[in-house]
Amino acid sequence: MTVGLNGTPESLAAAGWGAHEAMVRNRPLLLVSAWEWQPYSHAPLASTEMPEQRSRRLPEEAANHLAHRYPGLGIATKQLTGPPPEMLCQAAAEAEMLVLGTTGLGALTGFLMGSVAMATVAHTHRPVVLVRPGSSAATFPAEDGAAREMPVSEKDDVRDGPVLAAIDLGPTTDGVLQFAFEAAAAHSGDVQVIYSWNPPVGYVQGIGGDLRWRADIAAEGAGVVHALLGPWREKYPEVSITERPEVGSPGRHLVGAAASSSLVVIGRRTNRYWPRKPRIGHVAHAVLHHSPAPVAVIPQDSPRLAADETGFDETGPKAE
C-alpha cells in the first residue's frame, strides 16, 4: 500500500485512509513524497525550511503520527526526486495500489481533480484510489512548530456502506470485480454491482411507443449480470451481493449510488487506437469529479502482484 503526500489536508486524509486499509488487509504502508527542482525552488517557504527539506519531512511526520494510531503497522517512508506524476507512477508500479488525496469542492459534493492526480490516474498501470478529506480532523504538531490538520477521526474517514462496483461487461470488468470483492472481504462488507446501459438514440426511437422496452432491457441486463457474478459468489461466499442493472446515464447512476457507498470501483480502458495516449473515459471522469466516496480506478492492463506472507524485504516493508 503506497500513499503519495504533498502536505495538503487531502493527502493527509489519503494517508489516514491508506493506513486503515493497510492494517485491515495486513499490508505494510509506504509513504512517499516527490520533489522536483525548479527555478527559484531554493527560495524559502513561510518558514525557514527549503522545499526539498519540507518534501523530505512530510512522510516522516505523517509516519510518526500514524505509528501512534496503528502501533502494529509497518510503515516506511521515501522521498522521490523528479516530476511528481512520473515519480508517483513509478511508485505505483511496485505497489498493490496507490492512494492519493483530492481537493473537495467546498459545499458541493465532488472532487476537484488536480493535474498531478489526473495525470497519475491516466498514466499508471496500477489501481489508484482517490480520497477526499472528511469533515472531522485532528491537529498534530509539526517539527517547525506549526500546527497542521490531519483528518483522523476514529475511523480515519472510512465510510460505511457497501463497495460499489461499476461494470460495463468490457475488458475492465474482471479487474473491477476482483478489487471490489477483495475490499469487501477485507472489511467483512457487501458488494453492490451496478451495470448501467444507455441505449443509443436510434435504438430507443425504433421501439416507438412500446412502454415495455425499459423493463425488457433491465430484465435482460439483470440476467447477464446475475450469470456473470456466479463465479464470484462461489469465490467469496461470505460477501453479500446486490445487483443493480440500470437503464440510463451510467455517470448519473454511479454518482447517485456513491452517496451511500464506502468505496466506488471503476475501470479505465486503454485507448485501442493510441495505446500510449492516456485515457480516463467520460464515465470515470464524471465519477472522479462528483463521487462523495473514495474512488478506485482500475486500469484495463493492471497486473496482479504476488506478495509473500510477510510483506517485508531486506530493507523494510514492501510497497503494497
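Residues numbered from 1 in each chain as written. Predicted model: local features only at pLDDT ≥ 70, side-chain atom pairs only at ≥ 80, totals over all residues. Heavy atoms only, no water.

### Points about the overall build of the protein
Part 1 of the argument: In terms of regular secondary structure, the protein is built from ten helices and 16 strands.
Part 2 of the argument: Residues classed as buried in the protein amount to 47% of the 320 residues present.
Part 3 of the argument: Long-range pairs, those at least 24 residues apart, make up 76% of the contacts in the protein with a sequence separation of at least 6.
Part 4 of the argument: Entry remark: accessible area of the protein is about 15,600 Å², with carbon and sulfur atoms responsible for 54%. (Helix = DSSP H or I, 4+ residues; strand = E, 2+ residues; numbered from the N terminus. Buried < 20%, exposed > 50% of the residue type's maximum accessible area, 1.4 Å probe, protein only. Contact = heavy atoms within 4.5 Å. Areas by Shrake-Rupley, 256 points an atom, 1.4 Å probe, with all protein chains shown as cover.)

### Structural notes on the sheet that holds strand β1 (residues 2–5)
Part 1 of the argument: Spatial ordering of the open sheet is given by β3-β2-β1-β4-β7-β14-β13-β10-β11-β12, a layout of ten strands whose pairing is mixed. A strand with exactly one partner marks an edge of an open sheet, and here the two such strands are β3 (75–81) and β12 (241–247). Shown here is a sheet whose adjacent strand axes are inclined to one another by a mean of 25°, direction ignored.
Part 2 of the argument: For strand β4 (residues 98–101) and strand β7 (residues 128–131), the ladder comprises four bridges, and the chain directions are parallel. Bridging from a neighbouring strand, G101 pairs with V131 of β7. (Pairing = 2+ DSSP bridges. Axes fitted to C-alpha atoms, helices over the stretch in contact; angles between N-to-C directions.)

### Remarks on the nonpolar core
Part 1 of the argument: L29, L31, V99, V129, L263 and V265 are the most contacted members of the largest nonpolar core, which totals 42 residues.
Part 2 of the argument: Among the elements that take part in this core, helix α5 (residues 173–186) stands out by supplying seven residues, more than any other.
Part 3 of the argument: Once residues within four sequence positions are removed from consideration, L29 is found in contact with M1, V3, G18, A19, A22, L66, L73, G74, I75 and A76.
Part 4 of the argument: L88, A117, V121 and A284 belong to the second-largest nonpolar core, a separate cluster that totals 31 residues. (Core = buried A, V, L, I, M, F, W, Y, C linked by side-chain atoms within 4.5 Å.)

### Quick look at the environment of E10
Part 1 of the argument: Following the sequence through the fold, E10 ends up in helix α1 (residues 9–25).
Part 2 of the argument: For the pair E10 and G101, spaced 91 residues apart in sequence, the C-alpha to C-alpha distance is 4.5 Å.

### Describing the packing of aromatic side chains
Part 1 of the argument: According to the stated counting rule, one finds three aromatic pairs in the structure shown.
Part 2 of the argument: Between the aromatic rings of W232 and Y236, the centroid separation amounts to 6.5 Å while the plane-to-plane angle is 15°, which identifies the pairing as stacked.
Part 3 of the argument: Using a relative accessible area of 10% as the deciding quantity, one classes Y236 as buried.
Part 4 of the argument: Counting every residue linked through ring pairs, the aromatic cluster contains F181, W232 and Y236. (Phe/Tyr/Trp six-rings, centres within 6.5 Å; stacked < 30°, edge-to-face > 60°.)

### Quick word on unusual backbone geometry
Part 1 of the argument: Located in the positive-phi region is N26, a residue other than glycine, with phi close to 60°.
Part 2 of the argument: For N26, the position within the fold is in the loop between α1 and β2 (29–35).
Part 3 of the argument: Relative accessible area serves as the criterion here: at 64%, N26 is assigned to the exposed category.
Part 4 of the argument: In the Ramachandran plot, L169 falls in the positive-phi region, its phi being about 65° despite a non-glycine side chain.
Part 5 of the argument: Inspection of the secondary structure puts L169 in the loop between β10 (163–167) and α5.

### A closer look at the pattern of salt bridges
Part 1 of the argument: Following the criterion strictly, the structure yields seven salt bridges and no others.
Part 2 of the argument: Notably, a salt bridge pairs R25 with E21, separated by 2.9 Å at the nearest N-O pair. Separated by four residues within a single helix, R25 and E21 lie in helix α1, roughly one turn from each other.
Part 3 of the argument: Linked through salt bridges whose partners overlap, the residues forming this network are E21, R25, R27 and E96. (Salt bridge = Lys/Arg side-chain N within 4 Å of Asp/Glu carboxyl O.)

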